[in-house]
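# Commentary on secondary and tertiary structure
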Amino acid sequence: MDLTACPYALTRRTLLTAAAAATATAGLALAPAASASPAASAAPSAATSLRGSREIQGDILAGFRRSRAELLLLTFGPADTARRWLAALVPRLATTADVTAVNDRVAAHAHQGQPDPGAMSVLWTGLALTHDGLAHLAGRDPLPVAAVGGTAEAFRRGPAARAALLGDTGPSAPGSWLFGGPTRPTVHAVLTVAADHPGRLAAAVTAALSDAGQHGLRLVHRQPAAALPGEREHFGFRDCISQPGVHGYDPADPAHPDQVAGAPGTRLVPAGEFLVGHPRAHGLPSGLPSWARDGSFLVVRRLAQDVPGWWAQIRSRLTTLQAVGTAPADAPPEWLGARLVGRWPSGASLAAHPHADPGTGRTPDNDIGYATDPDGWTTPLFAHIRKSNPRDGLVLAPGSRPLPAAQLDGHRIIRRGLPYGAPFLPGHDSGPNGPTAARGMVFLSHQADLVAQFEFIQRAWIDAPDFPPARTPKPGTDPVLGPDSPIAFETPAPSGTGSRVTPLHFTRFVRTEGTLYAFTPTLPVLTALAAGRLDTTPLPH
């Protein structure tokens, strides 16, 4: 299920270039990044030149891919001590080259059916700064020019000021957030520590908090997260199957140059959609300063999931569908759950497996499209994975041809993140597995344009009842992430012509508990910030 995030576990994504695998041991989060000593992995070609970057932080393109992580949301004290903290931290941050080398090495072992003996020792650290954090370190506004309606304005104002636009109202309104809201302390920095070994992670986090405290930083919020069994999110669906490939990082398939080699259905998207200052899908300038080059905006969201409530609603709505004959009489709740998500719990797509879940133990399919399913009879138009990524099936008016998938490249995001909290287990009335225990998803996404990517997907697709447009009745909002909404459940009409529509109403069972906009700069920019410098000259178009 492509709910909101993409856990760090290495098995979440097909990794290639085993021939370039590194042979060195992994670096530690609180040791210099150079201690990762990625061996002389093969020099990247021009087509994958970003793989060797020692300036771009590692989680953006490569992905930390650890099964556990902690996010430390920090606020600075005096600027001079905060800069000293930053100067000491920069050599410890993981770069794209560091992370790629380890990921390739682990992938090479997996390809041979062998565990990587050093996998559990890997521990990575990343840093992102909010607008206020950048201003605090630089001693001035990092965005002297912020065009109205652009991503610079969104970054400066922050998500709490844009909550209504993002659907964060009612129980999800900023006043109740655990971080990022108007009643919470200002967050200046997001420090991410990711690992597989719980003891190593705990020790690294303890050391990071001690170091931050000695430099006058205060902890605003501490957010642990960890992968669930079977690579699933809390509703029980396998997660993070679909991610974009990136030109300049992922190798292209010679037979299908628009796709990642070895990953059918994974489109290659221009690097400028994720890294500021690179070519974008539609050639639009960013309007950002030079300090943003090779960095990426980071969205952090804590999304609480009411698991028993969501499944109880599904069972109720399934009864409605069975009563009118639009669902099989013997269909289990997973039958309707799969139609809300667009995939079965195993990760198999409805597009390829419309009748039943083929089960676990197989590679989830991503080589799918919706062009031959314009009315959503197989994968409903309101299904989460179709709402958040229409692929080749976006029809702007009934009867017209679908838009080419390439026209939507400017609205893709790279998702990272992990679930938080223990799984819900029926029969547990209290405790960590009970129905009211805190659980959900720590959503993290990287994008070069907050407005055209994250905000657009949330506002214009997920939360929009009339997306896809110009349909009667309206398809409805995303029943997984969207607000309360009626949806139009379409099936072939008994007459054999047109659709039969069964209206259903879905209540929201995913609640926003905090949101931040941050920016992940390059190591040279962070080094300059540690000296109080920030280049605010405009990036060339």
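My aim in this report is to walk through the structure given alongside it, one point at a time. (Residues numbered from 1 in each chain as written. Predicted model: local features only at pLDDT ≥ 70, side-chain atom pairs only at ≥ 80, totals over all residues. Heavy atoms only, no water.)

### So, unusual backbone geometry
Note the cis peptide between Phe467 and Pro468, where omega equals -5°. When you line up the elements, Pro468 lands in the loop between helix 10 (451-462) and strand 12 (485-492). With omega at -5°, the peptide bond leading from Thr472 into Pro473 counts as cis. As for its position among the elements, Pro473 is in the loop between helix 10 and strand 12. For Glu231, which is not glycine, the phi torsion reads 55° and is therefore positive. Exposure remark for Glu231: the relative accessible area of 18% places this residue in the buried category. With a phi angle near 55°, Arg391 is a residue other than glycine that sits in the positive phi range. With respect to the secondary-structure elements, Arg391 resides in the loop between helix 9 (384-388) and strand 10 (414-420). Judged by relative accessible area, Arg391 falls into the buried class, the value being 10%. (Helix = DSSP H or I, 4+ residues; strand = E, 2+ residues; numbered from the N terminus. Buried < 20%, exposed > 50% of the residue type's maximum accessible area, 1.4 Å probe, protein only.)

### Quick word on the layout of surface pockets
Of the pockets and cavities examined, the second largest pocket occupies roughly 380 Å³. Around the second largest pocket sit 24 residues that line it, and Ser286, Gly287, Leu288, Leu539 and Pro540 are the ones nearest its centre. (1 Å grid on protein atoms, 1.4 Å probe; cavity = no way out; pocket = protein on both sides within 12 Å on 5 of 7 lines; lining within 4 Å. Points joined across faces, edges and corners; volume = space filled by probe spheres on them.)

### Focus on the packing of aromatic side chains
Summed over all chains, the structure comprises 14 aromatic pairs. Pairwise contacts between aromatic rings join Phe155, Trp291, Phe297 and Phe519 into one cluster. Cation over ring: Arg51 sits above Tyr249, and NZ or CZ is 4.7 Å from the ring centre. Stacked on the ring of Phe506, the Lys or Arg Arg317 has its end atom at 5.8 Å from the ring centre. (Phe/Tyr/Trp six-rings, centres within 6.5 Å; stacked < 30°, edge-to-face > 60°. Lys NZ or Arg CZ within 6 Å of the ring centre and 35° of its normal.)

### Section: the pattern of salt bridges
Scanning the model with the defined rule gives 20 salt bridges in all. Note that Glu513 and Arg302 form a salt bridge whose closest N and O atoms lie 2.6 Å from each other. Highlighted residues: Glu513 in strand 14 (residues 510-520) and Arg302 in strand 9 (residues 296-305), separated in sequence by 211 residues. Take Glu513 and Arg302: they sit in the same class, and that class is buried. Among the salt bridges present, the one from Glu490 reaches Arg471, with a minimum N-O distance of 3.2 Å. Taken together, the positions of Glu490 in strand 12 and Arg471 in the loop between helix 10 and strand 12 put the pair 19 residues apart, joining distant regions of the chain. (Salt bridge = Lys/Arg side-chain N within 4 Å of Asp/Glu carboxyl O.)

### Details of the pairing of strand 7 (residues 256-260)
Pairing of strand 6 (residues 252-253) with strand 7, which is carried by two bridges, proceeds in the antiparallel orientation. Bridged to Asp253 within strand 7 is His256. Following strand 6, the chain reverses through two residues before pairing antiparallel with strand 7. (Pairing = 2+ DSSP bridges.)

### Quick word on helix 6 (residues 198-214)
Between its terminal C-alpha atoms helix 6 stretches 24 Å, which fits the 24 Å expected from 17 residues at 1.5 Å a residue. Three or more residues of helix 6 are buried, namely Leu201, Ala204, Val205, Ala208, Asp211 and Ala212. On an axial view of helix 6, the arc spanned by its buried residues comes to 130°, and they lie on one face. More than 90 degrees from the buried face of helix 6, the exposed residues found are Thr206 and Gln214. Residues of helix 6 that are buried in the fold lie against strand 1 (68-75), helix 2 (79-89), strand 2 (123-129), strand 3 (189-195) and strand 4 (218-226). Looking one or two residues past helix 6, Gly216 carries a phi angle of roughly 85°, positive in sign. (Expected span 1.5 Å × (residues − 1). Arc of directions from axis to C-beta. Contact = heavy atoms within 4.5 Å.)

Read these as layout, nothing more, since geometry by itself doesn't imply function.
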